[in-house]
Amino acid sequence: SDYFIWSLEKSKKESIAKLQKLWIFENNKKTSIWFPTFKLAIITWKDSEWYRDFQTIIDESWYNIKCSVFSSLVHWEKAWAEVLKVLKEIDTSKYNLIAIMRWGWWSEGMNWTNDFELNKYVCNIDIPVMSAVWHTIDRNILDLVACYDCKTPSEAATILIDIYRWYDTDIERYATFINKNIIWYLKEYEIVLSHLEDSIKIGIRSRFKAYKLQLDSISKWINLSIWLTFKQI
């Protein structure tokens, strides 16, 4: 048993080293979950209680988070192949995040999360991956390469709600900033328009005065011309 555990740990370290050598180990951590509405692809065992807990927390938050479930084995050795197959079937352009969920059972059934091919694919996914496969002390490779690392599906739901709340707060902050600027600009425009109004009034009075002087001058010239004409006649 000691040799088996040692060989698993050795294989895990070798896989990590290979991913680092390919310069992809941190790739998924560089992705980010974009603007709401959140659309999540959930890979988990169908009708699992842990998913119901996750969905209940999401529903009670009142945030608009839409979940699509992709059923797969999430325990024992064959799980890595099924999870990888499902990952390849997910159209990442339709989702904000992929979550892989599992909770309970024994840690012996979690070795699939250290599979090299599975984690290599996760590293290259262009949207965030969330690992929620239940761990307490030891962290598997999936936890290390995924953008978000959670202990349980319930914690995953809480993290997603917190991210949504951050967007919500940020939008409110921007809305307040925009409204304050609108009020400030309106006041500025009122001042500018009042100055323009005064300038227009002064300009109109000046024009009328100039036109009146011109008309008076023309009137005098016409009167003089008429007088001279009459005198000549």
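Residues numbered from 1 in each chain as written. Predicted model: local features only at pLDDT ≥ 70, side-chain atom pairs only at ≥ 80, totals over all residues. Heavy atoms only, no water.

**Overview of the nonpolar core**
Proteins that are soluble and globular tend to have nonpolar side chains buried together. By size, the foremost hydrophobic cluster in this structure holds 56 residues, and its most contacted members are Ile 43, Phe 54, Ile 98 and Met 101. The element best represented in this core is helix α6 (residues 153–232), accounting for seven residues. Residues in contact with Ile 43, not counting those within four places in the same chain, are Phe 70, Ser 72, Val 74, Val 83, Val 86, Leu 87, Ile 90, Ile 98, Ala 99, Ile 100 and Met 101. (Core = buried A, V, L, I, M, F, W, Y, C linked by side-chain atoms within 4.5 Å. Buried < 20%, exposed > 50% of the residue type's maximum accessible area, 1.4 Å probe, protein only. Helix = DSSP H or I, 4+ residues; strand = E, 2+ residues; numbered from the N terminus. Contact = heavy atoms within 4.5 Å.)

**Focus on helix α3 (residues 79–89)**
What α3 keeps buried is the set Ala 79, Val 83, Leu 84, Val 86 and Leu 87. Down the axis of α3, the sector holding all buried residues measures 165°, keeping them to one side. When the buried face of α3 is taken as reference, the exposed residues oriented beyond 90 degrees from it are Lys 85 and Lys 88. Those residues of α3 that are buried are in contact with β1 (38–44), β2 (65–71), β3 (97–101) and α4 (116–123). (Arc of directions from axis to C-beta.)

**Comments concerning the side chain of Thr 113**
Within the secondary structure, Thr 113 sits in the loop between β3 and α4. Of note is the side chain of Thr 113, whose polar atom sits 3.3 Å from the side chain of Asn 140. Every residue in contact with Thr 113, bar those within four places of it in the chain, is listed here: Asn 119, Val 133, Asn 140, Ile 141 and Leu 142. (Polar contact = N/O pair within 3.5 Å; in protein donor to acceptor, adjacent residues only side chain to side chain.)

**Remarks on the environment of Leu 8**
Along the chain, Leu 8 falls in helix α1 (residues 2–21). Relative accessible area serves as the criterion here: at 27%, Leu 8 is assigned to the partly exposed category. Along the sequence, Leu 8 and Asn 114 sit 106 residues apart, while their C-alpha atoms lie 9.0 Å from each other.

**Considering the packing of helix α2 (residues 49–61) against α6**
α6 packs onto α2 with a crossing angle of 25° between their chain directions and a minimal axis gap of 8 Å. The orientation of α2 relative to α6 falls into the category roughly parallel. The chirality of how α2 crosses α6 is right-handed. Residues Trp 50, Asp 53, Phe 54, Ile 57, Ile 58 and Ser 61 of α2 pack against Pro 153, Ser 154, Ala 156, Ala 157, Leu 160 and Ile 161 of α6. (Axes fitted to C-alpha atoms, helices over the stretch in contact; angles between N-to-C directions. Parallel < 35°, antiparallel > 145°, perpendicular 65-115°, else oblique. Left-handed = near helix turned anticlockwise from the far one by under 90°.)

**Here's the deal with unusual backbone geometry**
Apart from glycine, the bulk of residues carry a negative phi angle, and the bulk of peptide bonds sit in the trans form. Between Pro 36 and Thr 37 the backbone carries a cis peptide bond, its omega angle lying at 10°. Note on placement: Thr 37 falls in the loop between α1 and β1. Despite not being glycine, Trp 23 shows a phi value in the positive range, around 60°. Even without glycine at this site, Trp 62 takes up a positive phi of about 70°. Its place among the elements puts Trp 62 in the loop between α2 and β2.

**Points about the pairing of β1**
Counting buried residues in β1 gives six out of seven residues, a clear majority hidden from the surface. The pairing of β1 with β3 spans four bridges and is parallel. In the sheet register, Ile 43 faces β3, and the bridge partner there is Ile 100. (Pairing = 2+ DSSP bridges.)

**Here's the deal with the confidence of the model for the chain**
The predicted model of the chain averages 86 in pLDDT, with 93% of residues at 70 or higher. Of all secondary-structure elements in the chain, the lowest mean pLDDT belongs to α1, at 80, while α4 reaches the highest, 94. (pLDDT = per-residue confidence, 0-100.)

**Regarding the side chain of Asp 143**
As for its position among the elements, Asp 143 is in helix α5 (residues 141–145). The buried category is assigned to Asp 143, whose relative accessible area is 0%. A polar contact of 2.6 Å, which involves the side chain of Asp 143, links it to the side chain of Ser 131.

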